[in-house]
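# Fold and geometry: a report
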Amino acid sequence: MTVEMLNALEGFEISFHSKSKRIVDIKIKDEIIDKLIFPFHKFDIAALEYKPFTRFTLAKSLDDLTKNKFGNYINSILKNRNTGCFILRTNNKNNKINDEFLVKLSTAISHLIGTPNHDSMSGKYYARFFVKHEDSSDSYLRKAYMNMDLHTDGTYVNEKTDWLIMSKLEEKNVKGGETTVLHLDDWEHLEELFKDPTGRQNFTWGSPKSKNVDYKVEHPVFNEDLNGKPQISYIDQFPEPKNMDQGNFLQKLSDALEESKNKIITELPVGSAIIANNHFWLHGRRPFKENKNLSRELLRIRGKFTDSV
Ligand SMILES: [Fe+2]
């Protein structure tokens, strides 16, 4: 992809992320936002939740504004092994953009890529959740002062998780809590760990109560895509090692990921979203600086590509 190609889309400002050419940075200009206000008003959030076809209507209204180029473009970013990730930015001084608008925009994006998986935590096709000073939950997701280690999503569910969207809806009194991401091909230890036969064994993956998933799944940490390239499905908290060999492998993997010098640390402004291929990008979060009034609201959608196999 050349920069000229990137800028062929009117109403968008497109460049590579300042820290990595693997991440495309897409800024939606206010002229596009203005044109979305009317079609987005057609449905309220309840309609989107209850009638799945309305979500495709939103997606179409976004794609139509770009003569159907935008959908193709973001699909090509996500499916290209060399990129696989983009950040979508809106003008956060534009007061027409509120949380409801961002839910709709994320919905539109997700339906240009494919279909969302059911999110058991919320019981919907998306989940909104807060990270705050105090937390009594049972996973790292909402523990503000702990590092959320690099991982992929959907490790403990039956459905395939090809991609994920994380949108930032609101933030107050936040310092720290930066997003960390790592592309598998940039990882210093990929070859060593990918070759290890333990990584190809089936592991058992469970999940804590808050996730509302009452079954366990079995799958290896590493597998290959159609071109033989490594793919990973891993999170530190949910595999249940069956023996010393699996336990030691997971410890080695965890250490090798966390010590990587090639992870990208980036701050995501309110009104922005990061969208990544979940098979070869890992994501995490740095700890927040302590503040009793800390509050961050996020939205996540995970799903399959339209042509997922
Ligand atoms: Fe995650």
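My aim in this report is to walk through the structure given alongside it, one point at a time. Each chain has its residues counted from 1, following the order in which its sequence is written. Residues qualify for local features only when their pLDDT is at least 70, as the model is predicted, and side-chain atom pairs are given and counted only at 80 or more; totals for whole chains, interfaces and linings, by contrast, use all residues. For the side-chain quantities, the full set of heavy atoms in the structure was used; hydrogens and water were omitted.

To continue, consider the side chain of E297. Here E297 lies in strand β17 (residues 295-305). Assessed through its relative accessible area of 8%, E297 is described here as buried. Throughout, a contact is declared for two residues whenever any of their heavy atoms are within 4.5 Å. Aside from chain neighbours lying at most four places away, what touches E297 is R128, F129, F130, S167, K168, L169 and E170. Numbering of helices and strands runs from the N terminus; a helix is a DSSP stretch of H or I covering at least four residues, while a strand is a stretch of E covering at least two. Think of it in three bands: with a 1.4 Å probe and only protein chains considered, a residue is buried below 20% of the maximum accessible area for its type, exposed above 50%, and partly exposed in between.

Should a side-chain nitrogen of Lys or Arg be within 4 Å of a carboxyl oxygen of Asp or Glu, the pair is scored as a salt bridge. Across all of its chains, the model carries 26 salt bridges by this definition. Salt-bridge contacts for E159 lead to K304; the nearest nitrogen and oxygen are separated by 3.5 Å. With a gap of 145 residues between them, E159 in the loop between β6 (148-151) and β7 (163-172) and K304 in strand β17 connect regions that are remote in the sequence. Given the relative accessible area of 32%, E159 is considered partly exposed. Note that E171 and R296 form a salt bridge whose closest N and O atoms lie 2.7 Å from each other. Taken together, the residues span a long stretch of sequence, with E171 in strand β7 and R296 in strand β17 at a distance of 125 residues.

On to the sheet that holds strand β9 (residues 203-205), then. For sheets, the rule is that strands pair by backbone hydrogen bonds, running either parallel or antiparallel. The pairing criterion is simple: DSSP has to find at least two bridges between the two strands. Reading across the sheet, the three strands line up as β10-β9-β13 and stay open at both edges, with antiparallel pairing between neighbours. Every interior strand has two partners, whereas the edge strands, β10 (217-219) and β13 (239-240), have only one. Examined bridge by bridge, β9 and β13 share two bridges and lie antiparallel to one another. By the bridge assignment for β13, T204 is matched with E240.

What follows concerns empty space enclosed by the protein. Here a cavity means grid points, on a 1 Å grid over the protein atoms only, where a 1.4 Å probe fits yet cannot get out; a pocket means an open set of points with protein on both sides within 12 Å along at least five of seven lines; lining residues are those with an atom within 4 Å of a point. Grid points are joined across faces, edges and corners, and a volume is the space filled by probe spheres set on the points. In this structure the tally under the stated criterion is three cavities of 30 Å³ or more. What the largest cavity holds in volume is close to 470 Å³. If you go around the largest cavity, you meet 32 residues; those closest to its centre are L141, M148, H151, M166 and H283. Of all elements in the fold, only β6, β7, β16 (281-285) and β17 reach the threshold of two or more residues within the lining of the largest cavity. At five residues, the largest contribution of residues to the lining of the largest cavity is made by β17. The classification used treats Ala, Val, Leu, Ile, Met, Phe, Trp, Tyr, Cys and Pro as nonpolar, Asp, Glu, Lys and Arg as charged, and all other residues, Gly among them, as polar. Looking at the lining of the largest cavity residue by residue, the class counts come to 14 nonpolar, nine polar and nine charged. In this structure, the second largest cavity encloses a volume near 70 Å³. Around the second largest cavity, the lining residues are L88, T90, L102, L105, S106, I109, I165, S167, G271, S272 and A273. Those elements that provide at least two residues to the lining of the second largest cavity are α6 (99-113) and β7.

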